[in-house]
Amino acid sequence: MSDIYKLDFELPLKDIQDRIDTLKKNSINSGVEVSTTIQKLEDELIHKRKEIYTNLNRWERVQLARHPNRPYSYDYIKKITSFWFELHGDKLYADDPAIVGGLGTIDTLRVVIIGQQKGRGTKDKVFRNFGMPKPEGYRKALRLMKFAEKFKLPIITLLDTPGAYPGLGAEERGQGSAIAQNLIEMANLKVPIISIVIGEGASGGALGIGLADKIICLENTWYSVISPEGCASILFRDPSKAEEAADAMKVTARDLKEIGIADEIIKEPDGAAHINPDKMSEILKETIIRTYTSLKNYEIDELIKLRFEKYDKIGFYEQR
């Protein structure tokens, strides 16, 4: 179980978990009673997790948002839906596995869910293009959104991408145009839209499915116009200064809430979503149902009006 702790600041947790696993294994082989010692170590592990995950700096939260064991869109979809039917293709060029979407039922609520999927293992990561969508991915997402609008189904989007794919082919097929078109359409969709940042939300790649009535961030996530490494490369001419850039940009969920971009932060159980993905899924499911229940009370014209006002209020400038 210690393999869930991968990051440098998680090494003290890995050490405690290794000791627990070793004691359990030796106890089975030798028959020696060690339950009291194991309980003490488990209590120590809980205390240490709280200590570490509560006091993370911005760069450490960026790392946690990228944790290889962190639940991805598919993981949540499988756990929160009782029915799921995936739809494919943009009806123009191809299907983009970096964006998944389809019809789902959450308890009794019928929804359209669209998420960015990074993939696990080398083969799947390549297949999913490491979660970097191409134009056909955004066009597929828009097709599903228009489908949701036609049948009056709420839209749930799950954001987790290092950015839209910047390859030559993607640019030739209209990457920027596809993202811009999604923003125009999402601003006027006549159904509630709930966007949840479950990992990293980089640039227009995330925003391309992220314009919503409610923006909700899991506790250990980040959402910004550019990655800290990209910012450091441009502003400091040194990508190794990513930690400094993360502080300067204020990229974390807490920052977004203070700035007024995020509407809500979901606390992650046991300090991080990858520690207890089942519990995290339950919390996510409850949050979706609760948020939709509040949005469905609005007349659609009022909802769109509030959507525009929400984005009008984001950002400010001073003229001197």
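The present account deals with the structure reproduced in this document. Just so we're clear, the structure is a prediction, and the values are computed from it rather than from any experiment.

## Focus: unusual backbone geometry
If a residue is not glycine, its phi is most likely negative; likewise, a peptide bond is most likely trans.
1) Next: For S203, which is not glycine, the phi torsion reads 60° and is therefore positive.
2) Next: In this fold, S203 is placed in helix α9 (residues 203–207).
3) Next: Although it is not a glycine, D270 sits at a positive phi angle of roughly 60°.
4) Next: In this fold, D270 is placed in the loop between β8 (264–266) and α13 (277–295).
5) Next: Looking at D270, the relative accessible area reads 37%, which means it is partly exposed.

## Structural notes on the environment of R254
1) Next: Note on placement: R254 falls in helix α12 (residues 253–259).
2) Next: Remark: the alpha-carbon pair of R254 and R58, spanning 196 residues in sequence, is separated by 9.6 Å.
3) Next: Not counting residues within four places of it along the chain, the set of residues in contact with R254 comprises R61 and I265.

## Considerations on the environment of S177
1) Next: Relative to the elements of secondary structure, S177 occurs in helix α8 (residues 175–188).
2) Next: Look at S177 and you get partly exposed, because its relative accessible area is 49%.
3) Next: It is 19 Å that separates the C-alpha atoms of S177 and P162, two residues lying 15 residues apart in sequence.

## Some words on the side chain of D255
1) Next: Positionally, D255 belongs in helix α12.
2) Next: Residue classification places D255 among the buried residues on the basis of a relative accessible area of 5%.
3) Next: Engagement of the side chain of D255 in a polar contact is seen with the side chain of T252, the distance being 2.8 Å.
4) Next: Here D255 is in contact with R58 and K250, once residues within four sequence places are set aside.

## Quick word on helix α2 (residues 35–54)
1) Next: The end-to-end C-alpha distance of α2, which contains 20 residues, comes to 28 Å, matching closely the 28 Å that a straight helix rising 1.5 Å per residue would cover.
2) Next: Listed as buried for α2 are I38, L41, L45, R49, I52 and Y53. Buried residues of α2 fall within an arc of 85° about the axis and therefore sit on the same side. Turned more than 90 degrees away from the buried face of α2, the exposed residues are T36, K40, I46, H47 and K50.
3) Next: Buried residues along α2 sit in contact with α1 (11–30) and α3 (58–65).

What counts and what doesn't
- Residues numbered from 1 in each chain as written.
- Predicted model: local features only at pLDDT ≥ 70, side-chain atom pairs only at ≥ 80, totals over all residues.
- Heavy atoms only, no water.
- Helix = DSSP H or I, 4+ residues; strand = E, 2+ residues; numbered from the N terminus.
- Buried < 20%, exposed > 50% of the residue type's maximum accessible area, 1.4 Å probe, protein only.
- Contact = heavy atoms within 4.5 Å.
- Polar contact = N/O pair within 3.5 Å; in protein donor to acceptor, adjacent residues only side chain to side chain.
- Expected span 1.5 Å × (residues − 1).
- Arc of directions from axis to C-beta.

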